[in-house]
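Architecture at a glance
Below are the chains, spelled out letter by letter.
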Amino acid sequence: MGRATGAPDGVEPPERLVDDGTHGPLVPQRRNAADREARRLPHLVAARLANAVAELRGVDAAVSGAQAEQRALAVDEDERLDDLPDIGADGVGSLLCRARRIRQFLDLDVEPQLVQPLLEALSRRVHPLRVFAPLPLLEVDNVTKRFGGIVALDGVSFAAEPGEIVGLIGPNGAGKTTAFNVITRLYTPDEGDVRFEGASLLGTSPSGVIRRGIARTFQNVELFKGMSVLDNVRVGAHARHGEQSAEDVLFYVNLHSLRHRPAAELPYGTQKRIELARALASSPRLLLLDEPAGGLSHEEVDQLGAFIRRMRDDYELTVLLVEHHMGLVMGVADRVHVLDFGRKIAEGTPAEVRGDKGVIEAYLGAPT
Ligand SMILES: Nc1ncnc2c1ncn2[C@@H]1O[C@H](COP(=O)(O)OP(=O)(O)OP(=O)(O)O)[C@@H](O)[C@H]1O
Ligand SMILES: [Mg+2]
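Basis of the calculations
- Residues numbered from 1 in each chain as written.
- Chains lettered and ligands numbered in written order.
- Predicted model: local features only at pLDDT ≥ 70, side-chain atom pairs only at ≥ 80, totals over all residues.
- Near = placed C-beta within 6 Å.
- Helix = DSSP H or I, 4+ residues; strand = E, 2+ residues; numbered from the N terminus.
- Nonpolar A, V, L, I, M, F, W, Y, C, P; charged D, E, K, R; others polar.
- pLDDT = per-residue confidence, 0-100.
- Contact = placed C-beta atoms within 7 Å.
- Buried ≥ 20, exposed ≤ 12 C-beta atoms within 10 Å, placed from the backbone.
- Axes fitted to C-alpha atoms, helices over the stretch in contact; angles between N-to-C directions.
- Parallel < 35°, antiparallel > 145°, perpendicular 65-115°, else oblique.
- Left-handed = near helix turned anticlockwise from the far one by under 90°.

1. Quick look at the site of ligand 1
- Around ligand 1, the neighbouring residues are Phe 147, Ile 150, Ala 152, Gly 170, Asn 172, Gly 173, Ala 174, Gly 175, Lys 176, Thr 177, Thr 178 and Gln 219.
- Contributions of two or more residues to the shell around ligand 1 are made by β2 (150-160) and α7 (176-183).
- Sorting elements by how many residues they give to the shell around ligand 1 places α7 first, with three residues.
- Partitioning the shell around ligand 1 into residue classes produces four nonpolar, seven polar and one charged.

2. Here's the deal with the confidence of the model for the protein chain
- Confidence in the prediction for the protein chain averages 78 pLDDT; 63% of positions are at 70 or higher.
- Across residues 5-28 the pLDDT falls below 50, and counting only partners more than four positions away or on other chains, this stretch makes 28 contacts in the model.
- Segment residues 102-106: pLDDT under 50, and 16 contacts once partners within four positions in sequence are set aside and those in other chains are kept.

3. Regarding unusual backbone geometry
- Its identity as a non-glycine residue notwithstanding, Glu 197 has a phi of 50°, on the positive side.
- Here Glu 197 shows up in the loop between β4 (191-196) and β5 (199-200).
- Here the phi dihedral of Phe 341 falls at roughly 45°; this positive angle occurs in a residue that is not glycine.
- Positionally, Phe 341 belongs in the loop between β9 (335-340) and β10 (343-348).
- With 15 C-beta atoms counted inside 10 Å, the residue Phe 341 sits in the partly exposed group.

4. Describing the packing of helix α9 (residues 229-239) against helix α11 (residues 268-281)
- Here α9 crosses α11 at 30°, and the two axes come no closer than 6 Å. Our classification of the angle between α9 and α11 gives roughly parallel. α11 is crossed by α9, and the crossing has right-handed handedness. Every residue of α11 that contacts α9 at Val 229, Asn 232, Val 233, Val 235, Gly 236 and Ala 237 is listed here: Ile 274, Ala 277, Arg 278, Ala 279 and Ala 281.
- Counted by class, the contact of α9 with α11 contains eight nonpolar, two polar and one charged residues.

In structure tokens, the structure reads:
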């Protein structure tokens with residue numbers, strides 16, 4: 001990936017992996033064709049399927065139930081898909097998440113038309129089990145966090161679907177950074193759970209969270225000030241290896257020419273970008289940005305919105321964005337959650353939240 005220009009060509013994952021039954025059965029001819037294709041597919045892509053199964057096995061073993069894991073992985077290139085109905089509902093959910101990774105076939109020079117029938121066959125098999133939607137990537141579930149008498153988070157729940165940009169807003173002290181600290185396991189909640197790809201993070205260490213694919217930037221930049229820009233970013237690449245080198249990522253954020261400079265010498269806005277590069281270098285699936293616009297000029301903030309979107313596309317990220325700069329959040333977020341004194345007071349699209357009476361009173365003020 002070069003410097004942040006347009007996104008590379010990609011193929012969108014199918015929007016609905018599962019027929020929810022509201023649209024009637026599939027057209028019989030299509031079903032027959034899909035069946036034929038599904039049977040042909042293993043032979044056509046035998047070697048590739050072995051790779052895909054290995055991939056399915058490798059991705060976050062902890063996320064899926066052990067039983068479903070074993071059974072799903074028993075599907076090899078000679079086996080038909082008929083065995084799938086035996087898998088429990090949870091297992092199928094996780095299998096479906098993984099099935100999305102069959103997109104990787106597309107990188108392996110297999111025709112997309114050959115992959116689609118497999119996904120459709122999977123969908124039909126799980127239909128009787130009524131699995132309606134893929135899991136959210138992140139679920140913050142009824143989390144309470146207290147500091148002595150202060151209730152920083154009070155039964156807060158929100159979720160982020162894969163590929164979404166989710167805004168988290170609210171007045172000073174509302175609990176936004178605390179939520180980030182709970183998600184990244186710097187804090188342990190007093191109540192509630194945080195799940196990533198359906199599995200709790202509460203038994204995971206902060207470094208384990210990064211290995212699971214969650215990276216963040218900090219409200220107050222936290223770089224290794226004595227180290228060069230490149231070495232700071234290498235820390236991220238070391239935490240979780242991905243396809244991108246630290247140098248690639250520095251090129252992407254347009255800091256490559258400064259790579260040998262000590263991080264401490266550079267202006268605050270540049271340091272924020274180094275921190276962002278460090279986060280990207282750990283190949284995250286979920287990126288938490290805590291006030292990325294802090295210290296930026298108006299013009300830079302405008303560019304930041306477009307940049308966050310481009311990053312989401314280029315790196316296939318889900319983004320959780322804490323920001324006081326309303327123009328930025330409302331312009332870039334798909335959904336917004338609003339906290340006030342540790343409680344969630346609203347959620348919705350940017351337009352819904354902007355028009356919410358409670359949010360206007362607590363935070364936004366009346367529109368002028
Ligand atoms: N480690 C801590 N010890 C004690 N109190 C804390 C700690 N961390 C946060 N708090 C308190 O929890 C509340 C929420 O703080 P938090 O930093 O999450 O707010 P925020 O929404 O990020 O605010 P801001 O917009 O100012 O960054 C505040 O009252 C804060 O003082
Ligand atoms: Mg904060």
